[in-house]
Amino acid sequence: MWHAEYRLYLYPVVRDKPISASALKTALQAIEFISEPLESNNADRYKVGEAFLSLICFMGCSPNIESEPQENSPFCYVEITQESVETYFIAGHNVKKINCHHCKEPQSKLAKNLLEANQQSLLTQKCSVCGECIDPSKINWRKSAFTARSWVLIGNIYESEAVPDEKLLSTLKQVSGCEWEYAYVRMK
Ligand SMILES: [Zn+2]
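Predicted model, so just to flag it, every value in this text is computed and none were measured. (Residues numbered from 1 in each chain as written. Predicted model: local features only at pLDDT ≥ 70, side-chain atom pairs only at ≥ 80, totals over all residues. Heavy atoms only, no water.)

### Quick notes on the domain arrangement of the protein
- Taken domain by domain, the protein holds domain 1 (6-86 + 143-186) and domain 2 (97-140).
- Computed over C-alpha atoms only, the centres of domain 1 and domain 2 are separated by 27 Å. (Domains from an automatic or database assignment.)

### Observations concerning the packing of helix H1 (residues 21-30) against helix H4 (residues 166-176)
- Between H1 and H4, the least distance of the axes is 10 Å, while the angle of their chain directions is 145°. Of the two elements, H1 crosses H4, and the hand of that crossing is right-handed. In contact with Ala 23, Leu 24, Ala 27 and Leu 28 of H1, H4 contributes Leu 168, Thr 171, Leu 172 and Val 175.
- Grouping the amino acids of the contact of H1 with H4 by side-chain chemistry returns 7 nonpolar, 1 polar and no charged. (Axes fitted to C-alpha atoms, helices over the stretch in contact; angles between N-to-C directions. Helix = DSSP H or I, 4+ residues; strand = E, 2+ residues; numbered from the N terminus. Left-handed = near helix turned anticlockwise from the far one by under 90°. Contact = heavy atoms within 4.5 Å. Nonpolar A, V, L, I, M, F, W, Y, C, P; charged D, E, K, R; others polar.)

### With respect to the pairing of strand S1 (residues 6-12)
- Of all 7 residues in S1, 6 are buried; the element is thus mostly enclosed.
- Strand direction decides the pairing type here: S1 and strand S10 (residues 180-186), joined by 7 bridges, are antiparallel. Directly across from Leu 8, in S10, lies its bridge partner Tyr 184.
- Bridging between S1 and strand S8 (residues 152-155) involves 4 bridges; their strand directions are antiparallel. Bridging from a neighbouring strand, Leu 8 pairs with Ile 154 of S8. (Buried < 20%, exposed > 50% of the residue type's maximum accessible area, 1.4 Å probe, protein only. Pairing = 2+ DSSP bridges.)

### Let's talk about the coordination of the zinc ion
- Around the zinc ion, the protein supplies Cys 100 (SG), Cys 103 (SG), Cys 127 (SG) and Cys 130 (SG) as donor atoms, at distances of 2.3 to 2.4 Å.
- For the zinc ion, the 4 donor atoms in the first shell make angles of 104 to 114° at the metal, so the coordination geometry reads as tetrahedral.
- We note that the donor set of the zinc ion lies within a single chain, spaced as C-x2-C-x23-C-x2-C. In this pair, Cys 103 is assigned in the loop between strand S6 (88-91) and helix H3 (110-116) and Cys 127 in the loop between H3 and strand S7 (145-148), connecting sequence segments 24 residues apart. (Donors = N, O, S within 2.8 Å, 3.2 Å for Na, K, Ca; no water. Tetrahedral: all angles 85-135°; square planar, octahedral: opposite > 155°, others 65-115°.)

### Things to note about the pairing of S7
- Because side chains alternate across S7, one face comprises the buried residues Ala 145 and Thr 147, and the other comprises Phe 146 and Ala 148, equally buried.
- In terms of strand pairing, S6 meets S7 through 4 bridges, oriented antiparallel. Within S7, the position partnered with Tyr 88 by the bridge is Ala 148.

### Re the confidence of the model for the protein
- In this model, the protein carries an average pLDDT of 92, and 98% of its residues clear a pLDDT of 70 or more.
- The weakest mean pLDDT in the protein belongs to strand S3 (residues 42-48) at 86; the strongest belongs to S10 at 98. (pLDDT = per-residue confidence, 0-100.)

### Notes on the environment of Ala 148
- Take Ala 148: it is sitting in strand S7.
- Each C-alpha atom, one on Ala 148 and one on Lys 17, is 7.3 Å from the other, the two residues being 131 residues apart in sequence.
- Ala 148 has contacts with Tyr 11, Pro 12, Arg 15, Glu 86, Thr 87 and Tyr 88, leaving out every residue within four places of it along the chain.

### Considering the layout of surface pockets
- Of the pockets and cavities examined, the largest pocket occupies roughly 270 Å³.
- Taken together, the elements giving at least two residues each to the lining of the largest pocket come down to S1, S7 and S10.
- Element by element, the count of residues in the lining of the largest pocket is highest for S7, at 3 residues.
- Grouping the constituent residues of the lining of the largest pocket by class yields 9 nonpolar, 3 polar and 4 charged.
- Each of domain 1 (6-86 + 143-186) and domain 2 (97-140) contributes no fewer than three residues to the lining of the largest pocket.
- Met 1, Trp 2, Leu 38, Glu 39, Pro 69, Gln 70, Glu 71, Asn 72 and Phe 75 together form the lining of the second largest pocket.
- Grouping the constituent residues of the lining of the second largest pocket by class yields 5 nonpolar, 2 polar and 2 charged. (1 Å grid on protein atoms, 1.4 Å probe; cavity = no way out; pocket = protein on both sides within 12 Å on 5 of 7 lines; lining within 4 Å. Points joined across faces, edges and corners; volume = space filled by probe spheres on them.)

As structure tokens, then:
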């Protein structure tokens, strides 16, 4: 199975909120953001729906989107993660330089530490300057990382190439009862 190197993630701003994956699926199918499941061995992955290009706004004038599933080459797909009991920190090689949310000093190793952290240490990392406990959801990652228990992944979207439309975000808000944000993650 091909996994996109460039990803756009949509996630609820309430870090530890579990959101029913089947409720997300129903709502996203209703607005035709997604259509049918793509693979029998990965029930979370969907083919993009008829309205995909109106719910994701591409910045360029003629986006070159492959929406048909390919064997081993890039195409757009959507994954809806099953709500997890654990909170995950999601980031990739494009993670931005960030600052402590207490003292505002730069935190050069924080993202690496969070990516390597287990569930306990995810929320107990300390600032290397002021020593205060870091809450990853309070850091301004500038759309390059997030912490969540549920999310929606859109495969094969380059960083800042496209943004979710208001209708997509408001649909997610209706399902979950909280606001949603987005982030770009590069896996390699
Ligand atoms: Zn600090």
